[in-house]
Amino acid sequence: MKLSGFAHKFGDNISTDLIISGRYFHLRSNLPELAKHLMEDACPDFINRIKPGDFIIAGKNFGCGSSREHAPTIIKMAGIPVVIAKSFARIFYRNSINLGLLPIEVDTDELQEGNNLEIDLLNGRLKNNESGKEIKFLPPSPEMLKILSDGGLIAHIKKYRRIEI
Amino acid sequence: MGKTITEKIISDHTQAKVKAGSFVVVSVDSALLQDGTGPLCVRKLSELDLQVLQSPKKCAIFLDHASPSPKMELSNDHKLLRDFARDKGFYLSNIGEGICHQRMAESFIAPGEIVVGADSHTCTGGALGAFATGMGSTDIAVAIGLGYTWLKVPPVIKVELKGRLSVGVYSKDIILHLIGKIGADGAGYKCLEFSGETISCLSMEDRLCISNMAVEAGAKAGIMPSDDITLEFLKKQGRENEWKGLSADINAGYESEIEIDCSSLIPQIASPHSVDNISEVKEKEGTKIDQILIGTCTNGRLSDLRVAAEILKGKKAKTRLLILPASAFVYLEAIKEGIIEALLSAGAVILPPGCGPCVGIHQGILGDGEICLSTANRNFKGRMGNPNAEIYLSSPATAAASALTGTITDPRRFF
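What counts and what doesn't
Residues numbered from 1 in each chain as written. Chains lettered and ligands numbered in written order. Predicted model: local features only at pLDDT ≥ 70, side-chain atom pairs only at ≥ 80, totals over all residues. Heavy atoms only, no water. Helix = DSSP H or I, 4+ residues; strand = E, 2+ residues; numbered from the N terminus. Buried < 20%, exposed > 50% of the residue type's maximum accessible area, 1.4 Å probe, protein only. Phe/Tyr/Trp six-rings, centres within 6.5 Å; stacked < 30°, edge-to-face > 60°. Disulfide = S-S within 2.5 Å. Polar contact = N/O pair within 3.5 Å; in protein donor to acceptor, adjacent residues only side chain to side chain. Contact = heavy atoms within 4.5 Å. pLDDT = per-residue confidence, 0-100. Pairing = 2+ DSSP bridges. Axes fitted to C-alpha atoms, helices over the stretch in contact; angles between N-to-C directions.

Chemist: Quick question: what am I supposed to make of unusual backbone geometry here?
Modeler: Across the chain, the bulk of peptide bonds are trans and the bulk of non-glycine residues have phi less than zero. Look at the link from Ser67 of chain B to Pro68 of chain B: it is a cis peptide, with omega at -5°. Of note, Pro68 of chain B is situated in the loop between strand E3 (58-62) and helix H3 (72-88). In this structure, the amide linkage connecting Pro272 of chain B to the following residue, His273 of chain B, adopts the cis form with an omega of -10°. For His273 of chain B, the position within the fold is in the loop between strand E12 (268-270) and strand E13 (278-280). In this structure, Asp45 of chain A is a non-glycine residue whose phi angle is positive, near 75°. Within the secondary structure, Asp45 of chain A is located in the loop between helix H2 (31-35) and helix H3 (46-49). The exposure class of Asp45 of chain A is partly exposed, given its relative accessible area of 45%. A positive phi angle is found at Tyr189 of chain B, which is not glycine, with a value near 65°. Secondary-structure assignment places Tyr189 of chain B in the loop between helix H6 (171-182) and strand E9 (191-195).

Pasting the structure below:
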């Protein structure tokens, strides 16, 4: 699986409150409306600055806090297929796998806003087309890749009628 | 090598060999949903299209986050969840009954169980010696549909608590201190297991506060041993038959060990906008506060309200003061003890049990530039509904002392 896109960079400890604020709690059953507020408190106007295929880049502990699955859901709805971070909070990581949003753990210090990036998932390679530098990362475990390649946990269960990892 | 509590509980729920890092499928004893994550879970469950649900023996749905509903969209979400609970025969905890984690501890969770919930603070249940962990709506849909879930067996960090707490210092100060020490991701993908002589002196209410905040260090669970205090807690609920003793083996293997000398601990506070931004309260004294929130699933229990009332009785708060009991049961006991009267007379607003202000949904949303001191578990930017406001986190005693002066105040001045 290979992907390329432009980087939108954030810092450490981006909470699910920053990804989608609790003040839009009442829009959770209206995902298209909720998605308009993606990352609003971390970067106002974010939703108008991104194009489908772009990547979110972040520091450590991305997605910390609340278990709200609406956070990775609306990232994916915005057309962002990958979040690349130094580390992820575990519930966010798990939710991402379940939804088919790709979480990649790698040192992001040298990646900058606007960089064009290429990801080779299975071989664990991230290339920065701006600097020409290639960074290696550990791909998600075989168990996680299985759920991802089935299209997320719901599709996985529908395929096997049980958890088959 | 012996086993940790985590390994014992997970081993009891799977056929697979349990060792840190391995993926296992485990049966689930309890599952919980709330009104923020429940509607999505219901939709995911219908996508699964299962003919028959193999649900865990205890499934409970809580209308606690927007309680009572402030908007028609949320009223419709509540309606969906009420219909779903009725249709599936699940327990429905209606508005005002209490916050899911408090209600789970009061009526459902037993030692040795695996509890999963579509709420990150599901880890609160670890105080009863259960493996309790938060997940997303899809995971809980699968757990409700199939009766099991997958886990990556976490390595365990042993937290050894030594010595007795001094006057004016509480379990909230222990957990804030720990999070400050290891950081907001210090226990990422791992479990915290608490032990040591301090634990045997802590009530179940104190323990629930500590386990509640395990996730703020990134932990999958924050587990306490199940002992006489657990038994007493269950006895009061008429559930003593659900008790079993549980502790780690002496030769259990840990990823690392942390020791905290609780006897030398003094009141702690988290400053904006991160829970691991910890200092001693005395370093922040004098910071002006606009609003105080005492309550939530972290510190909305009877002993929390009692200490606030002891400090505030016969005096007047200089800030806006919100009181948020964790459950109707707590609220009623607080009325019987005269706690509510003392707090009301001090100028407090008593809110219905729920999560509203802590999550920024309703009731106590901050204005631009305002500062709140809260006894909740999170102070992220925007958490209480306004990204231009600031939140500090402390114990109920620090919060009550600060309400009296209008500025951050070390509660030891009042003892």
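After presenting the structure, the write-up continues.
Chemist: What should I look at first to understand the packing of aromatic side chains in this one?
Modeler: Aromatic ring pairs are described here by two measures, namely the spacing of the ring centres and the angle between the planes. Inspection of every chain in the model, using the stated rule, returns nine aromatic pairs over all chains. Ring plane angle 85° and centroid distance 5.1 Å describe the contact between Phe62 of chain A and Phe92 of chain A, whose orientation is recorded as edge-to-face. Of this pair, Phe62 of chain A sits in the loop between strand E2 (55-58) and helix H4 (70-77) while Phe92 of chain A sits in helix H5 (residues 90-99), and the two are 30 residues apart along the sequence. There is no split in this pair, since Phe62 of chain A and Phe92 of chain A are both buried. Considering the side-chain rings of Phe88 of chain A and Phe92 of chain A, the 6.2 Å spacing of their centres and the 5° angle between planes classify their relative orientation as stacked. Neither Phe88 of chain A nor Phe92 of chain A differs from the other in exposure class; each is buried. Cluster of aromatic residues (ring-pair linked, three or more members): Phe62, Phe88, Phe92 and Tyr93 of chain A together with Tyr189 of chain B.

Chemist: Just to check I follow, could you spell out the state of the cysteines for this structure?
Modeler: One covalent bond between the sulfur atoms of two cysteine residues makes up a disulfide. All names here are of chain B. On inspection of all chains with the given rule, the structure shows zero disulfides over all chains. Between Cys100, a free cysteine, and Cys355, which holds the nearest cysteine sulfur, the sulfur-to-sulfur gap is 5.8 Å. Cys191 takes part in no disulfide bond, and the closest cysteine sulfur to it belongs to Cys123, at a distance of 9.9 Å.

Chemist: Teacher, can you tell me more about the side chain of Asn299 of chain B here?
Modeler: All names here are of chain B. Among the structural elements, Asn299 can be located in helix H11 (residues 296-299). In terms of polar contacts, Asn299 uses its side chain to reach the side chain of Asp304, at 3.1 Å. Leave out the neighbours within four places in its chain, and Asn299 touches Lys172, Cys209, Ile294, Asp304, Thr375, Ser394 and Pro396.

Chemist: Honestly, the confidence of the model for chain B in this entry has me stumped. Any pointers?
Modeler: Across chain B, the average pLDDT comes to 98, with 100% of residues at or above 70. Overall fold confidence (pTM) sits at 0.98, and the ipTM for the predicted complex is 0.98.

Chemist: I would appreciate a short explanation of the sheet that holds strand E1 (residues 2-9) of chain A in the present structure.
Modeler: Either a parallel or an antiparallel arrangement is found when strands of a sheet pair, and the pairing is made through backbone hydrogen bonds. Residue and element names in this part refer to chain A. Strand order in this open sheet of seven strands is E4-E3-E2-E1-E5-E6-E7, and the pairing throughout is mixed. One side of each edge strand has no neighbouring strand; the edge strands of this open sheet are strand E4 (102-105) and strand E7 (134-136). Averaged over all adjacent pairs, the angle separating strand axes in this sheet is 30°, with direction ignored. Inspection of the sheet shows E1 paired to E2 by three bridges, in the parallel sense. Each bridged residue has a counterpart across the sheet, and for Ala7 the counterpart in E2 is Phe55.

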